[in-house]
Amino acid sequence: GLLVELPLKSGLDWLVIHIRASGMLLGGKNIALTLRFTGHSSRKEIITVPAGTFECIRVTYKYEGKLEIAGEIPSSYTETMYSHWFAPDVGIVQIEDAFGVYQLVEYDLTL
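The present account deals with the structure reproduced in this document. Here the residue index of a chain counts from 1 through its sequence in written order. Per-residue local features are limited, in this predicted model, to residues with pLDDT of at least 70; the limit for side-chain atom pairs, both in listing and counting, is 80 or more; totals at the level of whole chains, interfaces and linings are taken over all residues. Excluded from the side-chain calculations are hydrogens and water; all other atoms, namely the structure's heavy atoms, are used.

1. A closer look at the pattern of salt bridges
Every case where a carboxyl oxygen of Asp or Glu lies within 4 Å of a side-chain nitrogen of Lys or Arg is listed as a salt bridge. What the rule picks out here adds up to three salt bridges. The residue Arg 20 makes a salt bridge to Glu 68 at a minimum N-O spacing of 3.7 Å. Of this pair, Arg 20 sits in strand β1 (residues 13-24) while Glu 68 sits in strand β3 (residues 52-69), and the two are 48 residues apart along the sequence. Each residue's exposure class comes from its accessible area (1.4 Å probe, protein chains only) as a fraction of the maximum for that residue type: buried when under 20%, exposed when over 50%, partly exposed otherwise. Residue classification places Arg 20 among the exposed positions, given a relative accessible area of 54%. We note a salt bridge from Glu 72 to Lys 29, for which the minimum N-O separation is 3.0 Å. Highlighted residues: Glu 72 in the loop between β3 and β4 (75-87) and Lys 29 in the loop between β1 and β2 (30-49), separated in sequence by 43 residues. A relative accessible area of 42% places Glu 72 in the partly exposed class. Going along the chain from the N terminus, every DSSP run of H or I of four or more residues is numbered as a helix, and every run of E of two or more is numbered as a strand.

2. Focus on the environment of Thr 38
Among the structural elements, Thr 38 can be located in strand β2. By relative accessible area, Thr 38 is classed as buried at 13%. Residues Thr 38 and Arg 20, 18 residues apart in the sequence, show an inter-C-alpha distance of 15 Å. It only takes one pair of heavy atoms within 4.5 Å for two residues to be counted as in contact. Not counting residues within four places of it along the chain, the set of residues in contact with Thr 38 comprises Trp 14, Leu 15, Val 16, Thr 60, Tyr 61, Lys 62 and Glu 64.

3. Points about the nonpolar core
Side chains of nonpolar character tend, in soluble globular proteins, to be buried together. Residues grouped as a nonpolar core are buried Ala, Val, Leu, Ile, Met, Phe, Trp, Tyr and Cys residues, joined through side-chain atoms within 4.5 Å. Counting residues in each nonpolar core, the largest one holds eight residues, listed as Ile 47, Val 49, Phe 54, Cys 56, Trp 85, Ala 87, Val 93 and Leu 104. Residue assignment for this core shows that the elements contributing at least two residues are β2, β3 and β4.

4. Quick word on the packing of aromatic side chains
Geometry of aromatic contacts follows a simple scheme: Phe, Tyr and Trp rings, the Trp one being its six-membered ring, pair when their centres are within 6.5 Å, and the pair is stacked under 30 degrees between planes, edge-to-face over 60, tilted otherwise. Inspection of every chain in the model, using the stated rule, returns four aromatic pairs. Ring centres of Phe 37 and Tyr 61 lie 5.8 Å apart, and the angle between their planes is 25°; on these two criteria the pair is classed as stacked. With a gap of 24 residues between them, Phe 37 in strand β2 and Tyr 61 in strand β3 connect regions that are remote in the sequence. For Phe 37, a relative accessible area of 13% gives the class buried. Owing to a relative accessible area of 0%, Tyr 61 belongs among the buried residues under this scheme. On the basis of an interplanar angle of 45° and a centroid distance of 4.9 Å, the ring pair of Tyr 61 and Tyr 82 is categorised as tilted. One end of the pair, Tyr 61, is in strand β3; the other, Tyr 82, is in strand β4, with 21 residues separating them in the sequence. One aromatic cluster in this structure is built from Phe 37, Tyr 61 and Tyr 82.

Here you go:
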C-alpha cells in the first residue's frame, strides 16, 4: 500500500510509522530497538516513460533502524526503500526499488 500525505506537494516530510521497543535479553542485558519509516516528496520532475512524458512529484520512502544493546556499540542504518513518481490525474508513472525500475506503459483517462 501507498502512504502519502495529501494533498501531495513538493517538499513535504511525514512520518509513516515509528516503533520503539525495549526489554531485556537472556543474560540480563537491556536492549532497545527503534524503527522509523518516513516519506518525503521532492520537487517536481519531468520524466519520460513508455506511456509518455509527465510532470511528476517524486515520493521517496526511507527506513531507519537502530539497535542498542547495553554495553555494546549501537548499530544503526538507513535505507531508501523505494521511490514513486506521481503525475496529477494519472497516478504512479514510475516506481524504483531494489529490484528495478517499473514504468507506466499505457493509461486511459476515459474510464
